[in-house]
Every structure is written in structure tokens, then in C-alpha cells.
Amino acid sequence: MDSPNPFYAYKETRLDLEPATQGSTVLIRLPSSASTIPSRTAQKRSEIAEVPIAEDEIAFRRSHLASAASIHHRSHYKSPRSFLWRVLEDGKVLSVRAVDVSRPSNSADANLTLRLTFPSPILPGCIALSDSRDHDILSIFVIAENKNLYTLTLRPDYFRKPSSTEGNVDDWCKTYSSTALSFKTPHRLAALGADQLLFSAQDGSLVRLDRNSGGDGTVWKETHHSAGGWTQGLRSMIRTSRALELSTATSIAAPVAIIEGVSYAFTVCLDHRLRIWNLAAGRTAYNGDILNQQLDMHDEGKKVIDSSQSQLVKVYGDNDESALCVTFSPLGTGQFKFWNVTPAEAGNLELLDLFPDNTLIPQTPTSEIWTLADFSVVLDRSNANNFTLWALWKNNVTYRLHKLEFQSGSAARVRDAWGGSWEAMATETLRETPLLSAFPGGSADMTDKWLDFILSPGKFNRATIEAGLAIYAHGLGSSKDAARKSGSLPERMCATIASTVSLGRASDGNMDYEQFRSATNDQWRKFYRLLLELDKQRGEAMSLVIDPQGDMPWVVLADGITAIRECSGLERIWHNNGMVPAGTEHVARPLFAAASFRDSLPDHFIHTCKTMLQEEIFQEPSLTDPARMRAFYDKCDFSNQIGDEEYSQLVSGLGGNFKGVTLHVFQALLNLMNDSEDSDKRAQVLPLAEFGNKLVLKGVQETTELHRNVCLDTLILVVLLEVEINHGEEGIQFETATVFSRLMLMLARLELVNWLATTQISLPIKKLERSNSITEKAMSPTRKPPPKMETLTVLEGVLRHLFGLDLRRDETMSSVVTELIIQICAPDSEYEAIPAVIQCFLLKHDRADLATEFSRFAGHDAFSTYIQGRACLVANDALTASILFKKAAFGMAYPDPKKGTDYRSAGYLDEIERNLLNAGLPEYYSHIVALYDREKIYSFVIDFARLSLQFMKAKDQDVQAVMLRREMHSRFFNAALQTARFDLAHSTLALFTDNALQYSSLRTLITKMCESSYASQLTELPFISLQDSVDEILAQKCQSIVDVTVGVPYHKILYAWRIKRGDFRGAATISLERLQRLQQSGDGDKVIGEDGLETPVTKQYLALINALICVEPKQAWILSEEPSRKGSTGKSTQPKRKVVTLDDLRRAYQDELDRIAAIQNNQFAFAGGDEMDVL
């Protein structure tokens, strides 16, 4: 008869070992042997590097899949407390890292991985770890094939600071060449204590190694133990066969058991016997069959345990009088024995079978062949008769974990418990997500969907994707370097997939895009299946470890670790279809009926429902809830998509009618997703460490996915009930609107949490230490090293500082983790995920793209609208930002007495910005002006500066009001200049009250207009009360000109300015100055007219004459300061001031024309003459 199915009460939460920070792997090469004399050329420094990318499946297994792994929990020091060790690279590499869930608030996270390379491969089963009561260290003992015993003394700083391992490796790595190892081959190694080791040899003997307390591992005292006495020890020295003796211990319990002050070592040997050694006396204290069976000599030889079995005996005890020994026999169906160990005479031990009348055979997961790979027992501290057994089963790379709680008592009671009280672990479902499907009319490209799907956090680690890409490219015939070309991982994935598909033509001669999309999708599916195969190998179980703090089971995998948490109330129903917990049957029936109903519906219908649901969740409703349900029913086309067969299946799943579907049932179902309503707020004492955050994140991802699916199932059922059933003949007449409303709230929260948990961001790591790393010292002292970045999800970045897993009395970590996860996902969670704060967080870290994408979650209050505007502004959508800023203006300008004004912004808003909010419309708009001004979007600076000035009180002479008005005028003026709206800049000048600022701004305006070829507009502007200043500024510009033939023609501009304002003599004066500079420059004789008589000088004469003609004849004169000129002696004469009349100018003009005509007729002056003497 088959065993009953176990009840799934626990949930697998699988965590990757991929570090969140690049450069967190420290590579160290260990010495081959110890040197008694310190060497200057000792070992190379440790180096920070990433593990090379695997080029094929063999390299992937060697580099990333452990052949042995486990977790060691320290007993005496707490930070870091838990260490994961893994054997890689065919036994040549030992990887060690901390995997603590929590950490002290005053210490940095221990997130470094030490990758220790040995000169010789590590012997299988010959790694042991221990910690000391007196020293804050972790001791690792390793026996390698070169017959050396390595003692690694690792300090906590080695896992925090890369610089701490840069010294000579010989300081903390010691080797010992044992005499026993020279003629014995170790089979198992165990650390009985901090200074005591025990290893079993293939010849059946045991060797105990002791060192002085605090010793460095270079000196050990060897003690040999042999069941056959000295004669067997002598035979072992001359032994030539490498076969294992049946007396070889294949499993050694660690640490040592102390009973009445005497140390005992418990071993299970290949001959199916339990041998307990009195270490003080050096002899066996007990020797018997592990199942307490009496066998004759003929049968004893048949009971041989496989030498690969290493977890067959565990010893527990917290008193000095007795101990509990649990043994497992792997022969046949497998059987446990529980022994009460008490002292006997002469240092021997007496073992009493606690369940002599019961055959304790563990229940296998299925009828297939399973191997019990490891087990552990947890004792009830309050009741010694209560036992909890955890059993780890393996079938190739698949594993299952079972748990049994039972009490000692009658044989029948124990038999019933072992026969039908097993609880199991439900496997993770995130990796079982259905493959992507293409739907007609979909807006997203399938390549983008596949990238998001494969690269989503928690799906696959980078090493798996890189290896899969290399294998996939190699399978296409490409070289190994084809997938390693430059570019990001997504780019290389797309390029490799695209190289397999070509765009062809259809039968009608047009491009066949549909065939191209289909072929591309098929290639993505092949690549995804390859990744699944690689990932499956990573999930092989290596060991089972129970954390003594919280009794939480951890399964160590080939490339990862799995935390075992309790199932939530909903999960206990979901994973136990057919044997749901008592009292939940009324909830389970509609739950499973709705799930089956959705599975029977077409995929495109479900896709449509999800699409429409996004609109319902994130848009403000304009209809009542019943009307919204009917609209949802029509948009998704329920009437045509749900057939009679699907409807009949739904009715059958509900028990033949809809009478069991009531408001009470739905409320109970929804409460299961919010079952932390009555839980007290958990005080956070210790912040989460890296693996604590990973644990919470993975649990949230899994729970969110389940809750979203259940809510969607329920929503489809509720909409169907409202439209087709509730008002028909079979109507059940319950208020579906209440359920619909709660579903909308839940789905909104779940969509928010899902986005946070699946969207990654890179954040700088705060530097907590002064590094003396050689890699940083080698850099130029003038160039700062780039900040280290960590990649994590937005959920971790925003909320991780609030998470805590501190245990209360009698709590288990498995239940606390689930409680925290449910609390995060609950719609009324104590962990507030305010969309505006999250957008501020994203903007603070320069992720405007994510902030814009996140806008669909934003609220409708003023602050949320304002932050959306900030996001649009940073994303270069200035127009939308201005609309949002104006929409939020009143709410952000004046405080709401009910909500307060303490806006949380995750550090995004500085103190100046916060002071301008809720201080009035002028201040608010001035803040918006500053934002646009910073982005150099000057057109909107003008708009909002005008609004700020519009709402200012004209008579307000308060100091701050005056300063704000001055700032707005200045920004308005500058923005008008930048946008060439010079009329606005001109009108603003008149409003300046600061004369110095007004004069400098006027100079800026004039310069800008002249340099921008707006001189004609300049002369048209009135410049009321500023005309003299304009004239002065232009005159100064003229004086600063060196060459009047190039650059801005300020003389012409000032001439036009004065002509425009009737100052003809002034215009003539500046025109004469330009004439003189033209004559001096030598460029004034260039002919520019067709008649050959027009030059820049003659044109300037005409402008000068025309200006003076406009003056009354008696006033037609100007003062001229003749430029200095050289006489016949070569000396410069002093300039003379003289009066120049209109007649003088006319004569000079005529002389200039005659001179030009003479030159054109080849008539030149004699050399050296002061005047032009014409030949």
C-alpha cells in the first residue's frame, strides 16, 4: 500500500550566491607547505577578480557546481556567524563566505567571498570547521592529496575588507605534515572541537590530532585508535591494498559528545556498526549494530554501507549526564534508531533503544528511488519527549525535504506518527513560470519580453546565462569567443539569437515578418530550455543544516542555498489540494474551482483580462463598482470567450451550484492574503545582512506571484457572478462590489510590490573603512577611484532598512520570515511603499527612466503630482512637467492642516526646496523657475517667473518678498535673453530697483542684442529713463574696438541710435571717429562699388555729411581730435583738437574722391612726401 501524501507545510526559498557587488571575490593561492623561515618572496598578494565565464558545460560544472558544501554556524561569536563553504574546481578550490541573515548595526556587511586555491586537490570528506570560545576566528581544517593538513585561521575582517588578506598568506595558513598521513589514507575528517580533530583512515583506524589552545596548526599531537589494537595498527603500516576496510568509519558525529566529563566520538563504520570511542582511554566504549540487530557471522558480511554515505549518526545533548544518538541505516528501505546514551562502568556507554517496538522507516517522497542524503533532529527545549526530524531526500539532482514531529509514548502512537504525520516542503514555483506567448496586437516586442523574462531578478544568475550563451553559440557553429564580444549581456544575447534567423519573403513576394517573429521566438525558447537544464544542475542538494538560532532548516545546493520557511495560510491550502487544513474547506473549493476555471480559458482571453486590469487598477474610476464589473465583462468579451464546457467545469468545481460562494467565503479567502492584520509590529534590533535581504526578496517575489494569480482567478469569477449569475435564476444575491473593491486594492498593492521586487538599480556603497588595498594605492593620487556599486532591487533600496527578523521567545525563524513576507505584500502593510517617496528615491539616484515608468503607481495628491512633474522634467518632457507643476500648485503652495507638510522625499529635496513648498504661490512658482533654469529650459522659466510675479503683492516690502521679487526679475530677464525675447527683457529692466543690477543687466542686454544681430530692434526699444545709459554703454563699446572693419559694428549701432533719437551732432561725432579709424586701418581704400569710386571711407564721409546736414547751418560743426601721425622726421606729433564744419567735410570728401580717381589713373605721389604730389 502506498504511503499517504505528506502535508505541505513548508516552502522552498532558493537563494543564489551571486554577489550584489562586483569585486567581492578574493582569489588567494595557498602555499604548498609551511616555511620555518619567513620569506621575502612569500606568497603573492590576494587579488580581487571575478570567476571566469564558463565556455562549456564541463567548465560550468567545474567552476560553479560544488562537489561538497555545507554551512557552519559558530557557537561563540555572532558576527559573522554563519559560513558557507564549497569545494570547486575538481577539489582544488575552497570557497568560503558569510551567509548571515542579520548583522550588528554598527558593523559592515561581511559580503566578501574567499576563493582559496590549494596546490593539491582536497580529499573527499576531509574538510572540517570549528570556532573557538576564546578567539573571534573561524578555523578550517583541510587534508589534501599531498598528505598535508591545512589549518586556515580566518578572522571576521577577512570577509569585510579586501585589504585584510593582502598580507603574507603564511600568517593565517599553516600546514602540517602528519606522520600518520605518510602511510594512511584519510577517509573522513571531523572537528571534535576547536583544537581537536579526528580522521578515519581507509585501514579502519582513527587518528586523533590535538593542539595546544590557540595553536596556529603547525604542531599537532597524534593519537592512534584501532579496534584491533596495536596489531591492526602494525598491519596498516605495511598495508598495500587501497580498498577500504569494513571497520572504516564513514560517518563521524561532530562536535565531540561529553558525558560525565569524558569525551566520546561517535562513528558509523562500513560494516553497519556503531562504534563509540572513549577518547580519554583510547578504546571503544560501545560497539554494536546501528539497528541493534543480532546477526551471525555469515550475515554480517552482507551488511555493508556504501562509502559515500557520510551522514549516518548525529548526537545531541545539553547536559552532562546523557545524550541522544540518532543513527540511520541506508540499507534496504532505510531505518532510523533513536538511542539514549548513558555512562556505564569502566568508561563504557550503555545505549537504550527509545522505540524498541517500532520500525522507524521514513516516508519517501514518491514511489521512485530516493536516497536519504542527510537528516537532522531538533529537540524541544521544554519537553524532552518531543522530537522533530528533518530528512533530506535526493533523486539525481532533485531533492525533497520532509519533517516529522512525534512524541515518545506507546508503540501505536509512534507508529501512527511515522506512518501518516509527515510534512513536506513545497518546491519553488517561480522557475515553473509558463513560457512566454506572442499575442496579436501586443505592443511589446517578443525580444524585449524574453530579455525581461530571463534577466528578471531571481530567475537565473549571470554565470548561468553567460555559460548558456556560450554553449548556445558554440552549438550554432560559432567560435567560443563569439558570445564574448564587446557589449552588454542583453546586447550579446540579442545578437546571438538574431544570427540564427533571417528575414525572408512570403509567397506573395513581400517580407514575411510573421515568420521572422515566430522563428525568433522559437530560438528564444531553445535558449531558455538550455538555461533551465543548466539551472537544474545547480539545484542538486549537498547537505542539510539546522540553524540553532531559530531552528530554521537550510539546504545547501551545488550552487546556492535554500531557506525553508513556513507556508502562509493561503499556501497551506494552495499546495495541499485534496487534503487542505481542517476548517478551510469552504475557502478551498472556490479557490481551486476559480484556478481550474482560469486554466481552461483561452490564453488570449487571460492576456486581455490582464491588460484591462491594468487600466482598472491605475486609473481613477468614474463608474460605480457594479458598472465597472460590467464594463470589464464587455471589454474582455466574457460572453464569447467562456464556452459551455468551461462553465460546466466551473459549476462542477463549486459543487454543482453557486450556493457555497458567499461574501463570507470571499472575505475569508482575501483575509488569507492579509493574515498579518493582528500581528504586532516587530521591533528591528538587527538590520538584515545580504542573505537576509535575498531571503526576504525571494519570498516576496514568490508570494506576490501567487497572490496575483489568486486575485486574478477570483476577479474573473466575481465578474462572471455579478453579470451572469447574481441577477439570474441561480442568483446568490451577495454584494460582489465589496469583493471587487477589495480585490482592486489588493491588486494595486501587489502590482506595486511586484514592480519593486523585479526592477533592479545600481547604488553606490558607503565606504566604511579606510582601505589600504594595493589596487587602490596603485591608482593616481589625483584621481579618485570610482565608487563601488551594488546591484539590488528597488524594494531593497527603499525598504531594506526597515526589515528585521529578530526572534521573540519561542518563535522559529521559518515562521518569522513568512510573517514578514506576508506583511510586505499586504494592502495595509506597516511597510509603507509611498509611490511619491519611491519616485524621489529613483530621481535621487539618477534613474529618471524608472521614475517615469513608475508614474502609473503615483497617487493623485498634490505632492505626488509635483514629483511626477519632477520626473518628467528630468526625462526631458518639459511640457508635461509644466502641466503637472501647475496642477499641483495650489496644494503645494498652501499647507493642508489635516495632512501636514512634512514631505518625505528619500533625501531628494534639499532644505532650500522644502522651505519653498507650502510657503505661498510666489515661492512655489519661484521654486519651479529654479528647476527649469537649472535644466536651461528658458521658455518655461519665463512662464513660471511671470506666474510667481503675478501672485506677489505689489506693496509687500518684506525683506524676503523684495529678495524674491528681485530674483524673479533677474531670472525672467536672463531667460528672455536666452530665448531672444528682447522685448520682455527690455520691459523687465524698468522693474529693477537695484541700480547697479539694472545697469549691469542693461549692458548684458545691449551686448546680447548687438552680438545676435538685433541692433535694429535695439534702436526701436524706448529704454525709458535709460537712454543716456544706453548711449554711454555703446560709446564704451566703441572705444574698446581695435579694428572697426571686423566684429560687431558698434560705431554704426551708436550712429543709428543717435540718429533715431535726433542727436545728429552726436551721430556725426561717432561717425567721424569711425572714419578716422578706417583711414588708419589701411582697409578703407578697398573698392566696393561698381563705379570704382565707392570705398568704406567714402561711405563713411557720406554718413557723416548726411548727419550734419540735418543740423542748422550755424550748428553744423563738430569737434575732432586728429589722430597722431608721423612727420618727415619720423616722430609722432601730438594730436590736435579742431573744429570740423560741414564745408570741411565736403572738401575732404571731394579730395578723397580725387585721390581715388588719381590712383585708378595710375597717378601716384612721390615717395617721402607729406602731401599727395601727383605726377
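Look above for the structure.
Rules and cut-offs
- Residues numbered from 1 in each chain as written.
- Predicted model: local features only at pLDDT ≥ 70, side-chain atom pairs only at ≥ 80, totals over all residues.
- Heavy atoms only, no water.
- Pairing = 2+ DSSP bridges.
- Helix = DSSP H or I, 4+ residues; strand = E, 2+ residues; numbered from the N terminus.
- Core = buried A, V, L, I, M, F, W, Y, C linked by side-chain atoms within 4.5 Å.
- Buried < 20%, exposed > 50% of the residue type's maximum accessible area, 1.4 Å probe, protein only.
- Axes fitted to C-alpha atoms, helices over the stretch in contact; angles between N-to-C directions.
- Contact = heavy atoms within 4.5 Å.
- Parallel < 35°, antiparallel > 145°, perpendicular 65-115°, else oblique.
- Left-handed = near helix turned anticlockwise from the far one by under 90°.
- Nonpolar A, V, L, I, M, F, W, Y, C, P; charged D, E, K, R; others polar.
- Phe/Tyr/Trp six-rings, centres within 6.5 Å; stacked < 30°, edge-to-face > 60°.
- Patch = residues over 30% accessible without salt bridge, like charges linked within 9 Å, V, L, I, M, F, W, Y side chains within 5 Å.
- Areas by Shrake-Rupley, 256 points an atom, 1.4 Å probe, with all protein chains shown as cover.
- Salt bridge = Lys/Arg side-chain N within 4 Å of Asp/Glu carboxyl O.
- Lys, Arg positive; Asp, Glu negative; His and termini not counted.
- Charge placed at Lys NZ, Arg CZ, Asp CG, Glu CD.
- Polar contact = N/O pair within 3.5 Å; in protein donor to acceptor, adjacent residues only side chain to side chain.
- Arc of directions from axis to C-beta.
- Disulfide = S-S within 2.5 Å.

Novice: Honestly, the pairing of strand β27 (residues 398-407) in this entry has me stumped. Any pointers?
Specialist: As defined by bridge partners, strand β26 (residues 386-395) adjoins β27 across 10 bridges and the pair is classed as antiparallel. In the sheet register, Trp390 faces β27, and the bridge partner there is Lys403. The pairing of β27 with strand β28 (residues 422-426) spans 3 bridges and is antiparallel. Residue Leu404 lies in a different strand from β28, and its bridge partner there is Trp422.

Novice: Even after reading the chapter, I still don't get the nonpolar core, so can you show me in this structure?
Specialist: What tends to happen in soluble globular proteins is that the nonpolar side chains get buried as a cluster. One finds Tyr866, Tyr924 and Tyr932 to be the most contacted residues of the largest nonpolar core, which totals 208 residues. Looking at this core, the element that brings in the most residues is helix α16 (residues 690-725), giving 17 residues.

Novice: Just checking my understanding: could you explain the sheet that holds strand β29 (residues 541-547) for this structure?
Specialist: Pairing between the strands of a sheet is mediated by backbone hydrogen bonds and can be parallel or antiparallel. Ordered in space as β25-β26-β27-β28-β1-β31-β30-β29, the 8 strands form an open sheet in which the pairing is mixed. Strands with a single pairing partner mark the edges of an open sheet, and in this sheet they are β25 (371-379) and β29. Put simply, the sheet's adjacent strands are angled 25° from each other on average, direction ignored. Relative to strand β31 (residues 560-566), helix α20 (residues 813-825) is tilted by about 85°, and along the sheet it contacts β1 (7-15), β30 (552-557) and β31.

Novice: Honestly, the packing of helix α28 (residues 938-950) against helix α29 (residues 959-978) in this entry has me stumped. Any pointers?
Specialist: The description of two packed helices rests on the angle between their axes and on the distance between the axes. Direction vectors running N to C along α28 and α29 enclose 150°, while the axes themselves pass 8 Å from each other. Considering their axes alone, α28 and α29 lie roughly antiparallel with respect to each other. Judged by the twist between their axes, the crossing of α28 over α29 is left-handed. Two secondary-structure elements touch here, α28 through Tyr938, Val941, Ile942, Ala945, Arg946, Ser948 and Leu949 and α29 through Arg965, Met968, His969, Arg971, Phe972, Asn974, Ala975, Ala976 and Gln978. Here the contact of α28 with α29 is composed, by residue class, of 9 nonpolar, 4 polar and 3 charged.

Novice: Explain the packing of helix α33 (residues 1027-1039) against helix α34 (residues 1050-1060) here, please?
Specialist: Here α33 crosses α34 at 155°, and the two axes come no closer than 9 Å. Judged by the angle between their axes, α33 and α34 are roughly antiparallel. Regarding α33 and α34, the two cross each other, and that crossing is left-handed. Contact residues: α33 offers Gln1027, Val1030, Asp1031, Leu1034, Ala1035, Lys1037 and Cys1038, while α34 offers Tyr1050, His1051, Ile1053, Leu1054, Trp1057 and Arg1058. Broken down by class, the residue content of the contact of α33 with α34 amounts to 8 nonpolar, 2 polar and 3 charged.

Novice: It is not clear to me how the sheet that holds strand β24 (residues 349-353) should be interpreted in this structure. Could you clarify?
Specialist: Within the open sheet, the 4 strands sit side by side as β21-β22-β23-β24. Their pairing is antiparallel. The sheet terminates laterally at β21 (313-316) and β24, the two strands that pair on one side only. Shown here is a sheet whose adjacent strand axes are inclined to one another by a mean of 25°, direction ignored. Across 7 bridges, strand β22 (residues 323-329) lies against strand β23 (residues 335-343) in antiparallel orientation. Each bridged residue has a counterpart across the sheet, and for Ser329 the counterpart in β23 is Gln335.

Novice: Even after reading the chapter, I still don't get the packing of aromatic side chains, so can you show me in this structure?
Specialist: Ring pairs (aromatic) are described by centroid distance and by the angle formed between their planes. The full count for this structure, using the stated rule, is 49 aromatic pairs. Between Phe338 and Phe406, the aromatic rings sit 5.6 Å apart at their centres with planes inclined by 85°, giving edge-to-face as the arrangement. Taken as a pair, Phe338 in strand β23 and Phe406 in strand β27 lie far apart in primary sequence, 68 residues in all. Per residue, the accessibility class of Phe338 equals that of Phe406, and both read buried.

Novice: Would you mind going over a negative patch on the surface with me for this structure?
Specialist: Taken together, Asp445, Asp448, Asp452 and Glu853 make up a surface patch of like negative charges. Counting through the fold element by element, Asp445 comes out in the loop between β28 and α5 (446-455). Note on Asp445: relative accessible area 39%, which makes it partly exposed.

Novice: Before we go on, may I ask you to explain the environment of Val1044 in this structure?
Specialist: In this fold, Val1044 is placed in the loop between α33 and α34. Residue classification places Val1044 among the buried residues on the basis of a relative accessible area of 8%. Separated by 33 residues in the primary sequence, Val1044 and Arg1077 have C-alpha atoms spaced 6.9 Å apart. Other than its neighbours up to four places away in sequence, Val1044 contacts His1051, Arg1074, Arg1077 and Leu1078.

Novice: Please explain the pattern of salt bridges as it appears in this structure.
Specialist: Close approach of charged atoms allows side chains with opposite charge to pair. Under the definition given, this model contains 48 salt bridges. The salt bridge involving Asp203 is made with Lys184; its shortest N-O contact spans 2.8 Å. Pair noted here: Asp203 is in the loop between β13 (196-201) and β14 (206-210) and Lys184 is in the loop between β11 (173-177) and β12 (186-193), with a separation of 19 residues, a long-range link. Assigned by exposure class, Asp203 and Lys184 land together as buried. Here Glu967 ties to Arg971 by a salt bridge, and the two come within 3.0 Å at their closest N and O atoms. Taken together, the positions of Glu967 and Arg971, both in helix α29 and 4 residues apart, correspond to about one turn of that helix. Judged by relative accessible area, Arg971 falls into the partly exposed class, the value being 23%. Residues joined by salt bridges that share partners form a network here, namely Arg14, Asp16, Arg86, Asp535, Arg538 and Asp559.

Novice: Would you mind going over the side chain of Thr165 with me for this structure?
Specialist: Within the fold, Thr165 resides in the loop between β10 (148-154) and β11. Of note is the side chain of Thr165, whose polar atom sits 3.3 Å from the backbone oxygen of Pro162.

Novice: How should α5 be read in this particular structure?
Specialist: It helps to recall that an α-helix has 3.6 residues per turn; residues three or four apart then point in one direction. The set of residues buried in α5 consists of Met446, Thr447, Trp450, Leu451, Phe453 and Ile454. For α5, the angular spread of the buried residues around the axis is 165°, confining them to a single face. Buried positions along α5 lie against α6 (462-475), α7 (489-498) and α8 (513-538).

Novice: Any chance you could explain the state of the cysteines here in plain terms?
Specialist: Here a disulfide denotes a covalent bond joining the sulfur atom of one cysteine to the sulfur atom of another. Inspection of every chain in the model, using the stated rule, returns 0 disulfides. Unpaired in this structure, Cys1038 has its nearest cysteine sulfur neighbour in Cys1010, at a distance of 9.2 Å.

Novice: Hey, could you run me through unusual backbone geometry in this one?
Specialist: Among all residues save glycine, negative phi is the norm, and among peptide bonds the norm is trans. The linkage connecting Ser79 with the following residue, Pro80, adopts the cis geometry, with an omega of -15°. Tracing the sequence through the fold places Pro80 in the loop between β4 (68-73) and β5 (82-88). In this model, Ala254 is joined to Pro255 through a cis peptide bond whose omega is 0°. With respect to the secondary-structure elements, Pro255 resides in the loop between β16 (249-252) and β17 (257-259). One non-glycine residue, Glu89, lies in the positive phi region at around 55°. Turning to its location among the elements, Glu89 is positioned in the loop between β5 and β6 (93-98). Positive phi, close to 65°, is recorded for Ser1013, a residue that is not glycine. With respect to the helices and strands, the residue Ser1013 is situated in the loop between α31 (995-1011) and α32 (1015-1020).

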